[in-house]
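# Report on the structure
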Amino acid sequence: MTPERSIYLSRARRIVIKIGSSLLTGDKKHGVKNSFLARLAGQINILKSRGVQCLIVTSGAISAGMFELGLKKRPEEMSELQALAAVGQSNLMHAYKKNFDRYKIKVAQVLLTREDLSQRHRYANAHRTLMKLFQHGIVPVVNENDTVAVEEIKFGNNDTLGVLVTHLAEADLLIILTDTDGFFSEDPRLNPKAKLISNVFQFDHGFEKMATRSNSIIGTGGMKSKILAAKNMMRSGVPMLIANGTAHNALRRLLDSEPIGTFFFPTAKKMKSRKRWLAWGGIPKGEIFIDDGAQKALLEKNKSLLPTGVRKTVGSWHAGEMVKIVGSNHREIANGICNFSATELNQIMGLKTSDLFDRIGRETSGEVVHRDNMVKIEID
Ligand code: GLU
């Protein structure tokens with residue numbers, strides 16, 4: 001028997017709603033589309049009254065900035081875009097506030113960078129802030145802190161930000177609202193016979209190609225980044241929906257399990273927060289290359305990594321930081337917290353646990369990466 005959407009949707013107590021830029025921009029008078037935000041606020045009001053906590057991931061700062069400064073063409077230079085985001089972000093928040101005020105719903109601006117989420121203590125701080133906002137019944141409105149995020153450290157697009165914020169907030173569901181009805185077998189603009197895929201039970205690698213071929217249905221990320229987001233969510237044990245935000249009462253109808261949009265069913269048990277951070281949040285400080293015996297022990301027997309299985313290290317890190325574990329043929333095996341600094345590990349690699357004390361002069365349990373602090377990387 002195939003699972004039902006309603007099983008997940010009726011249980012969703014905390015949801016992340018990602019709003020695509022195409023839904024928010026294009027208002028000739030105000031720049032930010034108030035008509036959309038008014039409808040969104042009304043629907044969130046209903047969800048809140050049912051006890052559902054909502055978090056919004058918004059785009060649209062750069063385009064709001066362009067409107068404010070009267071620019072017709074999006075500049076290419078990064079510092080121009082950052083300046084526009086700085087101008088537009090306040091207009092964007094003003095529009096959210098104005099529309100949510102009507103329902104006496106308070107909103108809070110949260111700006112994040114990829115770096116904030118890559119460091120465990122900053123991640124934990126951001127998590128605590130979100131929990132506090134939820135406690136007060138406030139709707140967090142998250143965007144990337146574009147002013148300081150340069151190309152190399154960007155999330156890339158707000159679909160990816162939506163995924164990471166879903167992990168950060170430990171939400172039960174991610175809804176990506178865009179300007180198309182969901183995920184299609186082909187680009188519906190090019191082939192009117194393209195079929196909407198209503199439910200996805202297993203991630204098929206053909207999807208990535210289909211999304212590439214369809215070459216984005218609009219917005220920064222396009223369908224490709226939404227499909228990658230779905231892959232991440234399904235593997236993390238969290239359902240995801242892609243739906244048309246312009247459809248009447250889309251949010252409320254989705255939560256009522258109406259068969260609109262595309263629903264991606266989770267294919268794994270919901271990962272614990274710590275493991276989710278290891279899998280998707282943290283950025284490894286270095287790499288530990290391991291031998292075949294250790295690779296087998298990790299993958300097949302679910303064991304911790306011991307010094308005897310370590311062949312070499314690349315990079316520099318302190319004890320307690322995150323590393324990537326790499327096996328033969330450069331296969332990425334796992335991410336994990338390393339109990340030794342890179343310098344220490346270089347002194348003890350290849351040794352048996354019983355010989356460690358003599359080499360480093362202190363007692364240690366011996367695990368380089370404990371299995372509880374490790375998350376395996378699924379091969380595509
Ligand atoms: N952070 C960008 C903005 O607010 C949007 C990025 C995106 O849409 O993917 O303009």
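The structure presented is a predicted model; accordingly, all values stated were derived computationally and were not measured.

## A short note on the packing of aromatic side chains
What the rule picks out here adds up to 8 aromatic pairs. For the pair Y8 and F263, a centre-to-centre distance of 6.2 Å together with 40° between the ring planes defines the contact as tilted. Of this pair, Y8 sits in helix α1 (residues 5-9) while F263 is found in strand β12 (residues 262-264), placing the two residues 255 residues apart along the sequence. Members of the aromatic cluster, joined through ring pairs, are Y8, F201, F263 and F265. If you follow K312 out to its NZ or CZ, it ends over the ring of F289, 4.6 Å from the centre.

## A few points about helix α4 (residues 61-68)
When we look at burial in α4, the residues that qualify are A61, I62, A64, G65 and M66. The elements touched by buried residues of α4 are β3 (31-32), α5 (78-101) and β6 (139-144). Looking at the residues trailing α4, positive phi occurs at G70, about 70°.

## Considering the packing of α4 against α5
The geometry of α4 relative to α5 is characterised by a closest axis approach of 6 Å and an angle of 90° between their N-to-C directions. What the angle tells us is that α4 and α5 run roughly perpendicular. Here α4 contributes A61, I62, A64, G65, M66 and E68 to the contact with α5, which in turn contributes L81, L84, A85, V87, G88, Q89, N91 and L92.

## Some details on the sheet that holds strand β16 (residues 332-337)
Sheets are built from strands paired through backbone hydrogen bonds, the pairs being either parallel or antiparallel. Read across the open sheet, the 5 strands follow the order β14-β13-β15-β16-β17; overall the sheet is mixed. Strands with a single pairing partner mark the edges of an open sheet, and in this sheet they are β14 (310-315) and β17 (374-376). Pairs of neighbouring strands in the sheet enclose a mean axial angle of 25°, with direction left out of account. With 3 bridges connecting them, β16 and β17 associate as antiparallel partners. Within β17, the position partnered with G336 by the bridge is M374. Of the strands in this sheet, β13 (286-290), β15 (322-326), β16 and β17 are in contact with helix α13 (residues 292-301), which crosses β13 at around 105°.

## Some details on a positive patch on the surface
A grouping of K296, K301, K303 and R371 is seen on the molecular surface, where their side chains present a positively charged patch. Note on placement: K303 falls in the loop between α13 and β14. A relative accessible area of 45% places K303 in the partly exposed class.

About the thresholds
- Residues numbered from 1 in each chain as written.
- Predicted model: local features only at pLDDT ≥ 70, side-chain atom pairs only at ≥ 80, totals over all residues.
- Heavy atoms only, no water.
- Phe/Tyr/Trp six-rings, centres within 6.5 Å; stacked < 30°, edge-to-face > 60°.
- Helix = DSSP H or I, 4+ residues; strand = E, 2+ residues; numbered from the N terminus.
- Lys NZ or Arg CZ within 6 Å of the ring centre and 35° of its normal.
- Buried < 20%, exposed > 50% of the residue type's maximum accessible area, 1.4 Å probe, protein only.
- Contact = heavy atoms within 4.5 Å.
- Axes fitted to C-alpha atoms, helices over the stretch in contact; angles between N-to-C directions.
- Parallel < 35°, antiparallel > 145°, perpendicular 65-115°, else oblique.
- Pairing = 2+ DSSP bridges.
- Patch = residues over 30% accessible without salt bridge, like charges linked within 9 Å, V, L, I, M, F, W, Y side chains within 5 Å.
- Areas by Shrake-Rupley, 256 points an atom, 1.4 Å probe, with all protein chains shown as cover.
- Salt bridge = Lys/Arg side-chain N within 4 Å of Asp/Glu carboxyl O.
- Lys, Arg positive; Asp, Glu negative; His and termini not counted.
- Charge placed at Lys NZ, Arg CZ, Asp CG, Glu CD.

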